[in-house]
Amino acid sequence: MPPSTRSVDVLIVSLGSTQGLRTADEQLRDSLARAGASVAVAYGRAPRQMRTLMLTDLAWARAARTAATDALATMGSSPRAIIYSSTTAALLWPRPGAIRFDATSAGNRPGRHGLWQRPLEHRRLGEAPLLLPWSEGALDELGDASPAAARALVLPVAVSPSGPEEAVRDIAAITYAANPAKKGLDRVLEAWRVVWRDRGEAVGQLVVAGVGGEDLEKAGLPAGGEGVRVVGPLAREEYRALVRRARLFVCAPRREDYGIAQLEALADGCRLVTTPAPGPYAALPIARELDPRLVGEDLAGALRAALERPADDYAERARVAIEPFSPQAVDRLVAERLLARLLA
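The sections below set out a description of the structure shown in this document. This structure is a prediction, so every number in the text was calculated from the model and none was measured.

## Comments concerning the nonpolar core
Next, step 1: Of all hydrophobic cores here, the largest spans 92 residues; its most connected members are Leu185, Trp192, Leu206, Phe249, Leu263, Leu272 and Val273.
Next, step 2: Not counting residues within four places of it along the chain, the set of residues in contact with Val273 comprises Leu248, Phe249, Val250, Cys251, Leu294, Leu299, Ala302, Leu303 and Ala306.
Next, step 3: By size, the runner-up hydrophobic cluster in this structure holds 22 residues, among which are Leu32, Val330, Leu338 and Leu342.

## Some details on helix α15 (residues 327–343)
Next, step 1: The sharpest bend along α15 comes to roughly 40 degrees, located at Val334.
Next, step 2: Looking at the buried residues of α15, the elements they touch are β1 (10–14), α1 (19–34), β3 (81–85), β4 (98–101) and β5 (131–133).

## Things to note about the sheet that holds strand β2 (residues 39–43)
Next, step 1: A sheet is described by the order of its strands in space; here five strands give the open sequence β2-β1-β3-β4-β5, paired in parallel fashion. This sheet does not close on itself; its edge strands, each paired only once, are β2 and β5. Here the average twist between neighbouring strands, direction ignored, is 20 degrees.
Next, step 2: Pairing between β1 and β3: five bridges, direction parallel. Bridge pairing in β3 places Val10 opposite Ala81.
Next, step 3: In this fold helix α2 (residues 53–74) packs onto β1, β2 and β3, with an angle of close to 155 degrees to the strand it touches most, β1.

So, how was this worked out
Residues numbered from 1 in each chain as written. Predicted model: local features only at pLDDT ≥ 70, side-chain atom pairs only at ≥ 80, totals over all residues. Heavy atoms only, no water. Core = buried A, V, L, I, M, F, W, Y, C linked by side-chain atoms within 4.5 Å. Buried < 20%, exposed > 50% of the residue type's maximum accessible area, 1.4 Å probe, protein only. Contact = heavy atoms within 4.5 Å. Bend = angle between axes of the 7 residues up to and from the residue. Helix = DSSP H or I, 4+ residues; strand = E, 2+ residues; numbered from the N terminus. Pairing = 2+ DSSP bridges. Axes fitted to C-alpha atoms, helices over the stretch in contact; angles between N-to-C directions.

See the structure below:
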């Protein structure tokens, strides 16, 4: 949807390259509107698939620049503030603005994958009047990019229960693996095979969402197997309905830039079974606090503990732990701290 031609307080330049980014931008738009700001969103048009991460980032950065330029040209007057959603969206910006990000290229584009992105990102982060990391971990990853603390406000992506809790949780475990290699799906499947060999059908079923059989075959992974059901990419409502039916959410990411699927699983009453991972993994300290037995490199052992000896009050304590990520908490942050700084 193109932005309105009327003057607005805030223009959000949305990369929208993943469902998580799109959801975050929609939430921010609505939260700013509830705080009394007029908001428009300029969406980057998805480029064709590229062979490398360097080319992919360049294509998305160009798409974001085009979206921002076109939006500014159609507005009756310039917006009072611009928010670029992700450092990639800001790389080729037509004019400076705030940058909201889950992670930096300095963190998730090591080596040759980020040869051109990292130095330009360093510059943009130094030029931005306001930095809006999703988590404290993302802020920590800035390193010496800029004296960031004075210009930063941690602004989480809100999570909340997706519906009423199911009376019966008939799915043993669920995982989300839209990027199987990064999400460590191979390690999840191996751990599940170990548990399945020990307990057989009594263990129940692992549901793999977010990836289809063809992509699994490309990644060299089986599209199913004993105790495993692959459901592929799903509409958001369908996916969250499955999460509400699951007892566990299991994952073994090789790097985690935020972990919104894990936070959503906690909101929907799942116990989180995970390996540690580098990156600003917001759910990791919460999972360790809730039940340290379920966090570690021995994923099969953690699964056994979660399935055989679950903590009775886990879901109640999880709801308390993720209260800072609730829509109400994020709305307060936007209204009381963000808007004034954004429009100053």
